[in-house]
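# Secondary and tertiary structure notes
Below are the chains, spelled out letter by letter.
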Amino acid sequence: MTRRLCILSSLVLSAAFLPSCGGSALGPTTANLPAYSAGRHASPAGSSGYKQLYVFKGTPDGASPFGGLVAENGVLYGTTLNGSSNFCSQSCSNYCYRGCGTVFSISKAGSESVVYNFRGNFNNAHDGSWPFAGLTPLNGTFYGTTSSAGANGAGTVYTVNAAGQESIVYSLAGGSADGQSPEANLIAYKGKLYGTTVSGGGNGCGGSGCGIVYSVTTSGTETILHRFSGGNDGAHLYAPVTHFGKRFYGATLEGGGTGCGGNGCGTIFELTSHGKDRVLYRFTGAADGAYPNGLTVNNGVLYGTTEGGGARNSGTFFSVTTSGTLTTLYSFKDIPDGNLPGASLILKKGTFYGTTVGGGTAGQGTVYSITPAGGETVLYSFGGGSDGSDPQGPLYLFDKMLYGTTTTGGGTGCNGSGCGTVFKVKP
C-alpha cells in the first residue's frame, strides 16, 4: 500500500486501522516510504532557486497542508488538513493537532493569516473537517471540499471568501445513495463544480462504495454522473477530473483488474456529461505503473503520473491518448531522483512541473520538471528538516515562480514531525 492510500484510508476505515499505517492519524509520516529513504540528511539539491515562505505551527495557524495553492488579487490561498484554533479530538484522537483544518492566506513575502477555522461537527457546527483539497475560484469566491463531517458525516462542498465568510453548498450523504469522502480539488466548468469521492455511491468495495464523479451547482443541487463499481470499472477516486473537448477524463487509484494485491492498479477513464463511462486504460503495476493521479492536457494528449510501478517501483510519468494508447515516458528512480509522484502536474511553456513525496537526495521529496518526451530534472530536493518534507500537493505558477506546500517538516511541532511549510522554487 502506498503512503497516500494508507493516510486516506483512515477517513473510510475505523480508528483501529490507523496504527497499521504507521505514525499519526491523518498526519503523514515516513513509515510507508522505502526503508532506505528514511533517516537520511543529505544536502538539498538545486537549492539556489528555493525559498521558504512560512512554517506552520499547528495551533492556531494550521498543520499538514495537503492541497495546492491558488492566487486571487495578488494573495495566495490554501488549506491545511489539520490544526486551527478549534478542538477536534473527538474525530481523530490527539493526532489532528487539535483542529479540523483551516483556510489560510499568505502573501508573496510570507505573511500568513487564517481565513477560516473549520469546526467539524462541534459547537453546533456542521461545516466539515479535514480539507485535503485546495481551493477553486469561481464567480469571485472560493469553493472546496472537506473529506469528513458535515450534516451527514460524509464530507462537504463549501464556499469561502477572502473575508472568512464560509457556508456549506452541499453535504454529501454517503452510503449507497451518494458519495463519501471527497478528497480532490473541484474543477469549474460552465458555472458548475465537478468533483470526485473516494468511496460511497454503492455497495461495492467491501460495502463502503467505490466512489463517484458528481457535479454540484453553486446553489447546492448535486447530480451523480457516474457510480464506480470496482473490478474492471475502477475504484477510489483521489484525483480530480479534467475537462477536454466534450468529455471528462480522470483516474481511479485502484480497480481495473486483480493486480496490486488483488485490488487492481488503477484506471484511466473517459466520462460524458451524461455519465457514460469508458475505461481507456487499466494499469498492470509493472513497467506501465500503478496508482495513477490526475491528468493534464497538452496538444490533445493526456499526461499524468503513477505513484507506484515502473522500472524501480517508484512511479512513472506517462501519456495516454483519448483512444486509450498509453506510453510510459519516464520511470522515477527514488534516490536521488524522486519517489511517489502523488500530485497532478502543471504545464508551463511546454514543460510539466510536479512534486514527489519521497526520493531526492535526502529521501524527503522533490520538486521536478519533465518534458513531454520524458526528460526529467530535479529542481529541488527537500532535506526533511527546516526546509520541509513530503510535498503532496500540486504546484502553482504565480508571478514566474512555482509555489507549493510540504505536509511535514519545517520545525519540531506536530508530534515532532513538523507541521508543514509553504515554499517557492524558480522554474
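Up top you'll find the structure we're talking about.
Right, let's walk through the structure included here. (Residues numbered from 1 in each chain as written. Predicted model: local features only at pLDDT ≥ 70, side-chain atom pairs only at ≥ 80, totals over all residues. Heavy atoms only, no water.)

## Concerning the state of the cysteines
Under the counting rule described, the total for this entry stands at three disulfides. Cys 414 shares a disulfide with Cys 419; S-S distance 2.0 Å. Its torsion about the S-S bond being 110°, the disulfide of Cys 414 and Cys 419 is classed as right-handed. Residues Cys 414 and Cys 419 agree in their burial class; the two are buried. (Disulfide = S-S within 2.5 Å. Buried < 20%, exposed > 50% of the residue type's maximum accessible area, 1.4 Å probe, protein only.)

## Brief notes about the pattern of salt bridges
Under the definition given, this model contains four salt bridges. Asp 61 is the salt-bridge partner of Lys 57, the closest N and O atoms lying 3.9 Å from each other. The exposure class assigned to Asp 61 is buried, which follows from its relative accessible area of 5%. Arg 278 is the partner of Glu 270 in a salt bridge, and the nearest nitrogen-oxygen pair spans 3.2 Å. On the basis of relative accessibility, which here comes to 38%, the residue Arg 278 falls in the partly exposed class. Each of Arg 247, Glu 270 and Arg 278 takes part in a single network of salt bridges with overlapping partners. (Salt bridge = Lys/Arg side-chain N within 4 Å of Asp/Glu carboxyl O.)

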